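Observations on chain architecture
The chain contents come next:
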Amino acid sequence: AEDMEYRLRTGAVVDETTYPIVPHMRSEEARLETFFSWPPAAPVRSQDLAQAGLYYLGYDDQVQCFCCGGMLCGWEAGDTAWGEHTKYYPNCFFILGHDVGNVPFQG
Ligand SMILES: [Zn+2]
C-alpha cells in the first residue's frame, strides 16, 4: 500500500482531544458496513481493515482511519491492514493503543 499524503498531522505533539478525526466511524461494525462494495480481488480482507480502524471510502481500494484520518490505497499481496497502518501512520493514537473510543465488533 502507499501513503496518499493526505495525512492530517505530522507526528508533532497534538491535542488528543481532537481525536478521533472521524467520530462516526468509531464503531468497528460501522466501518465494516462501508466495505459492502470492497473489490473482491483486493488482497486484504475487509474484516481485517475494519479491525485496524480503517473504513472504505467507496472508490478504488482507498481506506481511511477513523482516528488519525490517514488514508491508504494500492493494497498489494502480503500487505496487512495493521502493518500498513502502522508503517505510514505510526503516530496514530489508535495504533498506539490509546483509548480513542473504538467500539470493537461484538460478533
Ligand atoms: Zn490511524
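Refer to the structure printed above.
Residues numbered from 1 in each chain as written. Predicted model: local features only at pLDDT ≥ 70, side-chain atom pairs only at ≥ 80, totals over all residues. Heavy atoms only, no water.

Section: the coordination of the zinc ion
- Coordination of the zinc ion by the protein is provided by Cys 65 (SG), Cys 68 (SG), His 85 (NE2) and Cys 92 (SG), with metal-donor distances spanning 2.0 to 2.3 Å.
- Taken together, the 4 donor atoms coordinating the zinc ion and their angles of 102 to 119° define a geometry best described as tetrahedral.
- Along the chain, the residues donating to the zinc ion fall in the pattern C-x2-C-x16-H-x6-C. Placement of Cys 65 in strand β3 (residues 63-65) and of His 85 in helix α3 (residues 81-88) is noted, with a sequence separation of 20 residues between them.
- Using a relative accessible area of 0% as the deciding quantity, one classes Cys 65 as buried.
- Of the residues examined, His 85 reaches a relative accessible area of 0% and is grouped as buried. (Donors = N, O, S within 2.8 Å, 3.2 Å for Na, K, Ca; no water. Tetrahedral: all angles 85-135°; square planar, octahedral: opposite > 155°, others 65-115°. Helix = DSSP H or I, 4+ residues; strand = E, 2+ residues; numbered from the N terminus. Buried < 20%, exposed > 50% of the residue type's maximum accessible area, 1.4 Å probe, protein only.)

Considering the nonpolar core
- If you look at the biggest cluster of nonpolar residues, it comprises 29 residues, and the most contacted ones within it are Leu 49, Leu 54, Val 63, Cys 67 and Trp 75.
- When contributions to this core are tallied by element, the ones reaching two or more residues are α2 (46-51), β2 (54-56), β3 and α3.
- Those residues within four positions of Trp 75 in sequence are excluded, and the remaining contacts are Ala 1, Trp 38, Pro 43, Val 44, Leu 49, Leu 54, Asp 61, Val 63, Thr 80, Ala 81 and Glu 84. (Core = buried A, V, L, I, M, F, W, Y, C linked by side-chain atoms within 4.5 Å. Contact = heavy atoms within 4.5 Å.)

Observations concerning α3
- Looking at α3, one finds that the buried residues are Ala 81, Glu 84, His 85 and Tyr 88. An end-on view of α3 places all buried positions within 100° of arc, on one side of the element. (Arc of directions from axis to C-beta.)

Re the pattern of salt bridges
- Per the stated rule, a full pass over the model turns up 1 salt bridge.
- A salt bridge links Asp 48 to Arg 45; the nearest nitrogen and oxygen atoms lie 3.2 Å apart.
- Among the residues examined, Asp 48 registers a relative accessible area of 28% and is labelled partly exposed. (Salt bridge = Lys/Arg side-chain N within 4 Å of Asp/Glu carboxyl O.)

Structural notes on the side chain of Gln 64
- Position of Gln 64 among the secondary structure elements: in strand β3.
- Residue classification places Gln 64 among the buried positions, given a relative accessible area of 10%.
- At 2.9 Å, the side chain of Gln 64 and the side chain of Tyr 55 are in polar contact.
- A polar atom in the side chain of Gln 64 sits 2.9 Å from the backbone oxygen of Gly 69.
- Other than its neighbours up to four places away in sequence, Gln 64 contacts Gly 53, Leu 54, Tyr 55, Leu 57, Gly 69, Gly 70 and Met 71. (Polar contact = N/O pair within 3.5 Å; in protein donor to acceptor, adjacent residues only side chain to side chain.)

Topic: the packing of aromatic side chains
- Under the counting rule described, the total for this entry stands at 6 aromatic pairs.
- On the basis of an interplanar angle of 15° and a centroid distance of 5.9 Å, the ring pair of Phe 35 and Tyr 56 is categorised as stacked. Highlighted residues: Phe 35 in the loop between α1 (28-33) and α2 and Tyr 56 in strand β2, separated in sequence by 21 residues.
- Taking the relative accessible area as the measure of exposure, Phe 35 reaches 6% and is therefore buried.
- For Tyr 56, a relative accessible area of 6% translates into the label buried.
- Connected via pairs of aromatic rings, a cluster forms that spans Phe 35, Trp 38 and Tyr 56. (Phe/Tyr/Trp six-rings, centres within 6.5 Å; stacked < 30°, edge-to-face > 60°.)

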